[in-house]
Amino acid sequence: GAGPQPSRQLRECWPLPEAASGLSVWSDAPAVLRRLADHERPLEVEWLLSLPLAHSDAALARLQALGARLSLSHERDGQGHWRVVGKGLAAAGWPESLDANPFSGAQWRRQRLGRLGLAPLLAGQARWLRASEKF
């Protein structure tokens, strides 16, 4: 068989901004939906931001003003690759807030929501949350 079929009730939690790629979460489980919407215990969000070095100073200053923690992962061919981390829905919307400014060439990839990361998945691949896993 084709394996377990997802419920038609699944909805995307924290949709990816149009300017971004990466980890996306779909669920119909009330506990998961509550956890993702919990404002008292916001989830940490980790992005990988690739940006031309020529635009990086202004863009990074804007992200820091929005509460981002930044660390340079590496530089290559005039591109800087930064790990950008923050909490809650505000951090989930950083690509849109930065995209509204004239920072051409920014590429965003959501790497992690809470404890769950993108690392074991290939592009377009999906998996079920295991019973032992939590956000």
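Residues numbered from 1 in each chain as written. Predicted model: local features only at pLDDT ≥ 70, side-chain atom pairs only at ≥ 80, totals over all residues. Heavy atoms only, no water.

Chemist: Can you help me understand the packing of aromatic side chains in this one?
Modeler: Remark: the centre distance and the inter-plane angle together describe each pair of aromatic rings, the angle taken between the planes. Throughout the structure, instances matching the rule amount to one aromatic pair. Consider the rings of W47 and W108, whose centres lie 5.5 Å apart with planes at 85°: the pair is edge-to-face. With a gap of 61 residues between them, W47 in strand β4 (residues 44-52) and W108 in strand β7 (residues 107-113) connect regions that are remote in the sequence. Given the relative accessible area of 0%, W47 is considered buried. Residue W108 is classed as buried on the basis of its relative accessible area of 4%. (Phe/Tyr/Trp six-rings, centres within 6.5 Å; stacked < 30°, edge-to-face > 60°. Helix = DSSP H or I, 4+ residues; strand = E, 2+ residues; numbered from the N terminus. Buried < 20%, exposed > 50% of the residue type's maximum accessible area, 1.4 Å probe, protein only.)

Chemist: Quick question: what am I supposed to make of the layout of surface pockets here?
Modeler: With a probe scaled to a water molecule rolled over the atoms, the places where space remains empty come into view. In this structure, the largest pocket occupies an estimated 780 Å³ of space. Elements with a contribution of two residues or more to the lining of the largest pocket: β2 (20-22), β3 (25-27) and β8 (116-117). Sorting elements by how many residues they give to the lining of the largest pocket places β3 first, with three residues. Partitioned by chemical class, the residues of the lining of the largest pocket number 17 nonpolar, seven polar and four charged. Taken as a whole, the second largest pocket holds about 170 Å³ of empty space. A31, V32, R35, R41, R115, L129, E133, K134 and F135 together form the lining of the second largest pocket. Taken together, the residues of the lining of the second largest pocket break down into four nonpolar, no polar and five charged. (1 Å grid on protein atoms, 1.4 Å probe; cavity = no way out; pocket = protein on both sides within 12 Å on 5 of 7 lines; lining within 4 Å. Points joined across faces, edges and corners; volume = space filled by probe spheres on them. Nonpolar A, V, L, I, M, F, W, Y, C, P; charged D, E, K, R; others polar.)

These values are about where atoms sit, not about what they do.
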